Amino acid sequence: MNNLSDIGTIRDLLARHGFRFSKSLGQNFIIDPTVCPRMAEECGAGQGVGVLEIGPGIGVLTEQLAQRAEKVVAVELDERLLPVLDETLGSFDNVRVIHGDVLRLDLAKILEENFFGLKAAVCANLPYYITSPVIMALLESRLPVESITVMVQKEAADRLCAAVGSRDAGAVTVAVNYYAEAEKLFDVPAGSFLPAPKVNSSVIRLTVRPAPPVQLTDEALFFRVVKAVFAQRRKTAANSVSAGLGVPKSVVTAALSAIGQPENARAERFGLEQLAAFANRLKAETESGAKAEA
Ligand code: SAM
């Protein structure tokens, strides 16, 4: 078996395959031997569990997952890595590598075909250029996975795991919180990768909620409100929502007042429950306004 976290082995492997790192594909491979076993443990890989990995690279995390999980499916976009993965993962009969773009593949179908009867989890050292789109696609599509354990840029981790209503929170914090409970597991310094990126990283775990923590009358409207509230944090929520959604300011302030928020409330004042109440109230106000006009 290879020792894939040994820098000499990695360099030799990559040289034999004439591989050159692609910056645009976010290729920074883990060389710290402690990181992947820890990620594989934290994601809950074990018997009865199928793990979807995004971007296996040369397979350093994949082999740790394969040693623990019942089945692993790894989606890799870079065709040049397929022969490398054939070599490094060839001895595992519970790993399937799929060539494709994670944002374009039908992941629900892939899970159904490969993880039938298994609990499912996602584990990945994500390419940083698509961190938020991948996380949001997994959550919004309500992919049937119990958790998502991913390495992301440290700043992204801080934002994703911030408390809603704190200064670090953004629209993505709220969106992630709606679908999952987010926690930071551990930090990983830039020197743990080849090549070393300019930023530090963190591993986070999103434990998917069985049901949303708030009741919404219109989910799409809720996300539009959240986006508007956080788009320009220095503006009042009333101004941002009025401009962003094209709703008269008087209607927005009426909704704010009905949920006990002042006219000049800003993003930091809103927890998840207040945002849900705000969106629900706005829906009721706009509907009653429309009825009155009719
Ligand atoms: N898992 C390996 C590790 O930890 O060393 C590699 C991680 S590297 C940060 C990200 C990997 O994602 C690369 O192998 C890259 O080719 C792959 N990748 C980039 N964009 C992708 C996409 N849209 N779909 C699937 N894989 C992608």
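All values derive from a computational prediction rather than experimental measurement.

Cut-offs and rules
- Along each chain, residues carry numbers from 1 onward, in the same order as the chain's sequence is written.
- Since the coordinates come from a predicted model, pLDDT governs what is reported: local features require at least 70, and pairs of side-chain atoms require 80 or more to be given and counted, while whole-chain, interface and lining totals use all residues.
- Values reported for side chains reflect all heavy atoms of the structure, with hydrogen atoms and water molecules removed beforehand.
- Pairing between two strands is assigned when DSSP locates at least 2 bridges connecting them.
- Strands here mean DSSP runs of E at least two residues long; helices mean DSSP runs of H or I at least four residues long; both are numbered from the N terminus.
- Only the stretch in contact is used when fitting a helix axis, every axis being a line fitted to C-alpha atoms; angles between N-to-C directions are given from 0 to 180 degrees.
- Between two residues, a contact is recorded if the distance between any of their heavy atoms is within 4.5 Å.
- Salt bridges are identified by distance alone: a Lys or Arg side-chain nitrogen within 4 Å of an Asp or Glu carboxyl oxygen.
- Where a domain begins and ends is set by an automatic assignment or by a domain database.
- Here the quantity called buried area is the accessible surface, traced with a 1.4 Å probe, that two parts lose on coming together, added over both.
- The span you would expect from a helix comes to 1.5 Å times its residue count less one.
- Summary of the burial criterion: residues with accessible area below 20% of their type's maximum are buried, those above 50% are exposed, and those between are partly exposed, where the area comes from a 1.4 Å probe applied to protein chains only.
- Two N or O atoms form a polar contact when they lie within 3.5 Å of each other; inside protein one atom must be a possible hydrogen donor and the other a possible acceptor, and for residues adjacent in sequence the pair counts only when both atoms belong to side chains.
- Put simply, a residue is near a molecule or strand once any heavy atom of it comes within 4 Å of that molecule or strand.
- A 1.4 Å probe and the Shrake-Rupley method give the accessible areas. Residues count as covered only by the protein chains that appear here.
- A crossover counts as right-handed when, viewed with the strands pointing away from the observer, the path leading from the first strand over the helix to the second turns clockwise.
- Stacked, tilted and edge-to-face pairs are distinguished by plane angle, under 30 degrees for stacked and over 60 for edge-to-face with tilted covering the rest, among Phe, Tyr and Trp rings (Trp via its six-membered ring) whose centres lie within 6.5 Å.
- Nine residue types can take part in a nonpolar core, namely buried Ala, Val, Leu, Ile, Met, Phe, Trp, Tyr and Cys, and a core is a set of them joined through side-chain atoms within 4.5 Å.

Novice: I'd like to hear about the sheet that holds strand S7 (residues 180-188), residue by residue, with values.
Specialist: Working definition: the strands of a sheet are paired by backbone hydrogen bonds and lie parallel or antiparallel to each other. Spatial ordering of the open sheet is given by S4-S3-S2-S5-S6-S9-S7, a layout of seven strands whose pairing is mixed. A strand with exactly one partner marks an edge of an open sheet, and here the two such strands are strand S4 (95-99) and S7. Going across the sheet, the axis of each strand differs from the next one's by a mean of 20 degrees, ignoring polarity. The strands touched by helix H6 (residues 131-140) within the sheet are strand S2 (49-54), strand S5 (119-125), strand S6 (147-153), S7 and strand S9 (201-208), with S6 carrying the most contacts at an inclination of about 170 degrees.

Novice: Explain the pattern of salt bridges residue by residue, including any values.
Specialist: Under the definition given, this model contains 15 salt bridges. Two residues, aspartate 158 and lysine 184, come together in a salt bridge whose shortest N-O distance is 3.1 Å. Here lysine 184 lies in strand S7 and aspartate 158 lies in helix H7 (residues 154-160), a separation of 26 residues in the sequence.

Novice: Describe the domain arrangement of the protein chain, with residues and values.
Specialist: For the protein chain, the domain assignment lists domain 1 (7-208) and domain 2 (219-293). Placing the centre of domain 1 and that of domain 2 at their C-alpha centroids yields a distance of 36 Å. Facing the 13 residues of domain 1 at the interface are twelve residues of domain 2. Carbon and sulfur atoms make up 67% of the area that domain 1 and domain 2 hide from each other, which totals about 970 Å². Joining domain 1 to domain 2, the criterion identifies one salt bridge.

Novice: So what about helix H9 (residues 219-231)? Which residues, and what values?
Specialist: With 13 residues, H9 should reach 18 Å at 1.5 Å per residue; the first-to-last C-alpha distance of 18 Å fits that figure. Of the positions making up H9, those classed as buried are Leu221, Phe222, Val225, Val226, Ala228, Val229 and Phe230. In this structure aspartate 218 caps H9, since a side-chain oxygen of it lies 3.2 Å from the backbone nitrogen of alanine 220.

Novice: Explain the site of the ligand residue by residue, including any values.
Specialist: Within the structure, the ligand sits among 24 residues, and Ile30, Gly55, Glu76, Asn125 and Tyr129 are positioned closest to it. Take glutamine 27: an N or O atom from its side chain is 2.9 Å from an oxygen atom of the ligand. Valine 102 is positioned with one of its backbone polar atoms (N or O) 3.0 Å from a nitrogen atom of the ligand. A total of 600 Å² of accessible area belongs to the ligand in isolation, and the protein chains cover 99% of it. Secondary-structure elements contributing two or more residues to the shell around the ligand are strand S1 (29-30) and strand S3 (71-76).

Novice: I'd like a description of the pairing of S2, backed by residues and values.
Specialist: In terms of burial, S2 is a largely internal element, six of the six residues being buried. Bridging between S2 and S5 involves five bridges; their strand directions are parallel. Bridge assignment links leucine 52 to a residue of S5, and that residue is valine 122. Across five bridges, S2 lies against S3 in parallel orientation. From the neighbouring strand, valine 51 faces S3, where its bridge partner is valine 72. Since S2 and S3 lie parallel, the crossover through helix H3 (residues 60-68) that links them has a hand, and here it is right-handed.

Novice: So, the packing of aromatic side chains: which residues are in play, and what are the values?
Specialist: The full count for this structure, using the stated rule, is nine aromatic pairs. Residues tyrosine 178 and tyrosine 179 carry aromatic rings whose centres are separated by 5.1 Å and whose planes lie at 75 degrees to one another, so their mutual orientation is edge-to-face. Each member of the pair, tyrosine 178 as well as tyrosine 179, carries the same accessibility label: buried. Considering the side-chain rings of tyrosine 178 and phenylalanine 223, the 5.5 Å spacing of their centres and the 85 degrees angle between planes classify their relative orientation as edge-to-face. On the criterion of sequence distance, the pair formed by tyrosine 178 in helix H8 (residues 171-179) and phenylalanine 223 in helix H9 is long-range, its members being 45 residues apart. What makes tyrosine 178 buried here is its relative accessible area of 3%. Aromatic ring contacts, followed pair by pair, group Tyr178, Tyr179, Phe222 and Phe223 into a single cluster.

Novice: Give me the lowdown on the nonpolar core, citing residues and values where you can.
Specialist: If you look at the biggest cluster of nonpolar residues, it comprises 63 residues, and the most contacted ones within it are Phe222 and Val229. Residues from two domains meet in this core; each of domain 1 (7-208) and domain 2 (219-293) gives at least three.

Novice: Let's hear about the environment of isoleucine 58: which residues, and what values?
Specialist: Its location among the elements puts isoleucine 58 in the loop between S2 and H3. A sequence separation of 48 residues divides isoleucine 58 from isoleucine 10, and the C-alpha atoms of the two residues are 8.3 Å apart. Beyond its immediate sequence surroundings of up to four residues, isoleucine 58 is in contact with Leu4, Ile10, Leu13, Leu14, Phe29, Leu81, Val84, Leu85 and Thr88.

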